[in-house]
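Examination of the molecular architecture
Below, each chain spelled out in residue letters.
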Amino acid sequence: MKLSKERIELHIGFEQSGNKNKIRMTEFPIIKTNRLLLRQFIRSDVENVYKGLSHSDVIKYYGISFDSLEATEEQMNWFADLVRNKTGIWWAICSSDNTIFYGAGGLNSLSKEHKKAEIGFWLLPDFWGQGIMQEAFPLICNFGFKKLNLHRIEGFVDTENSNCIKSLKMLDFTHEGTMKECEIKNGKYISIDIYAKLNEK
């Protein structure tokens, strides 16, 4: 898949020291293409985050949901804590001119010791099927591999989430197995598929 050329601007992120095993937080990295802007979350994004994480179609397979703007502050704090605690980074995914909020995506459960992280994402339903995640996903992966020196990026997906699984396969993530009935959601056991992509340099 051909992507528009990405540009990473360190406005408020991650900086790699001389020792490749050490990652130091500096400014937040903004990633921009002709179509997309991946930027840091700001307080005013809470309404869009709530819109996404209270929508029945979004939260069907997502592990978190909120029933008020006030409750959604927990998610906003989670985004900030990832960077503060050096455990990952999530971006607000917007139009290149920053006028339209599409969704969110990023890396969490970052392990510097094992050089791996978990990828996650969601989009507002109005923008499904427009190729947004197919463009944003590789940008996030490339950042993880090139800037964070990750060797492995993992995706854990509900086995019934066919859209997400299709996206992972299109982006060359490999299915490594299924954890059968490993979690309970809405009173029912669900199975989780494990997908992963390695840094092939």
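From a predicted model like this one, the values you see are computed outputs, not experimental measurements.

**Comments concerning the overall build of the protein chain**
In terms of helices and strands, the protein chain carries five helices and 11 strands. A total accessible area of about 11,000 Å² is found for the protein chain, and carbon and sulfur atoms account for 47% of it.

**Concerning the side chain of R152**
Structurally, R152 is set in strand β9 (residues 152-158). Here R152 is in contact with K115, K116, A117, F145, E176, I194, A196, K197 and L198, once residues within four sequence places are set aside.

**Quick notes on the packing of aromatic side chains**
What characterises a pair of aromatic rings is the spacing of the ring centres plus the angle enclosed by the ring planes. The final tally for this structure, using the stated rule, is 11 aromatic pairs. With centroids separated by 4.8 Å and ring planes inclined at 70°, the aromatic side chains of Y102 and F127 adopt a geometry described as edge-to-face. Of the two residues, Y102 is situated in strand β7 (residues 101-111) and F127 in the loop between β8 (116-123) and α4 (132-147); the sequence distance between them amounts to 25 residues. F127 matches Y102 in its accessibility class, with the two residues each being buried. One aromatic cluster is present, built from ring pairs that chain together F41, W78, F79, W90, F101 and W122.

**Overview of the pattern of salt bridges**
For the structure shown, the criterion picks out seven salt bridges. A salt bridge links R35 to E135, with the nearest nitrogen and oxygen atoms 3.9 Å apart. Highlighted residues: R35 in the loop between β4 (29-32) and β5 (36-39) and E135 in helix α4, separated in sequence by 100 residues. The exposure class of R35 is partly exposed, given its relative accessible area of 30%. In this structure E135 comes out as buried when scored by relative accessible area, which is 8%. In this structure, E176 engages R152 in a salt bridge whose closest nitrogen and oxygen atoms are separated by 2.6 Å. Here the residue E176 occupies a position in strand β10 (residues 174-185), and R152 occupies one in strand β9, the gap between them amounting to 24 residues. In this structure E176 comes out as partly exposed when scored by relative accessible area, which is 45%. Connected through salt bridges with shared partners, the residues K116, R152, E154 and E176 form a single ionic network.

**Considerations on the environment of N163**
With respect to the secondary-structure elements, N163 resides in helix α5 (residues 162-170). Residue classification places N163 among the exposed positions, given a relative accessible area of 54%.

**Focus: unusual backbone geometry**
The backbone of K115 shows a phi angle near 55°, a positive value even though the residue is not glycine. Along the chain, the position of K115 falls in the loop between β7 and β8. Even without a glycine there, the phi angle at N149 is positive, about 60°. Looking at N149, the relative accessible area reads 10%, which means it is buried.

**Considerations on the pairing of strand β11 (residues 188-198)**
Of the strand pairs in this sheet, β9 and β11 are connected by seven bridges, and their pairing is antiparallel. Counterpart to D158 in the pairing with β11 is I192. Summarising the sheet, β10 and β11 pair through eight bridges and their orientation is antiparallel. Following the sheet pairing, T178 is matched in β11 by D193. Count of turn residues in the β10/β11 antiparallel hairpin: two residues, of which N186 carries a positive phi of about 55°.

**Describing the environment of A92**
Mapped onto the elements, A92 comes out in strand β6 (residues 89-95). For A92, a relative accessible area of 0% puts it in the buried group. Beyond its immediate sequence surroundings of up to four residues, A92 is in contact with L37, L38, R39, F41, D45, F101 and G103.

Procedures and definitions
- Residues numbered from 1 in each chain as written.
- Predicted model: local features only at pLDDT ≥ 70, side-chain atom pairs only at ≥ 80, totals over all residues.
- Heavy atoms only, no water.
- Helix = DSSP H or I, 4+ residues; strand = E, 2+ residues; numbered from the N terminus.
- Areas by Shrake-Rupley, 256 points an atom, 1.4 Å probe, with all protein chains shown as cover.
- Contact = heavy atoms within 4.5 Å.
- Phe/Tyr/Trp six-rings, centres within 6.5 Å; stacked < 30°, edge-to-face > 60°.
- Buried < 20%, exposed > 50% of the residue type's maximum accessible area, 1.4 Å probe, protein only.
- Salt bridge = Lys/Arg side-chain N within 4 Å of Asp/Glu carboxyl O.
- Pairing = 2+ DSSP bridges.

Bear in mind that shape data such as this cannot, by itself, settle questions of function.
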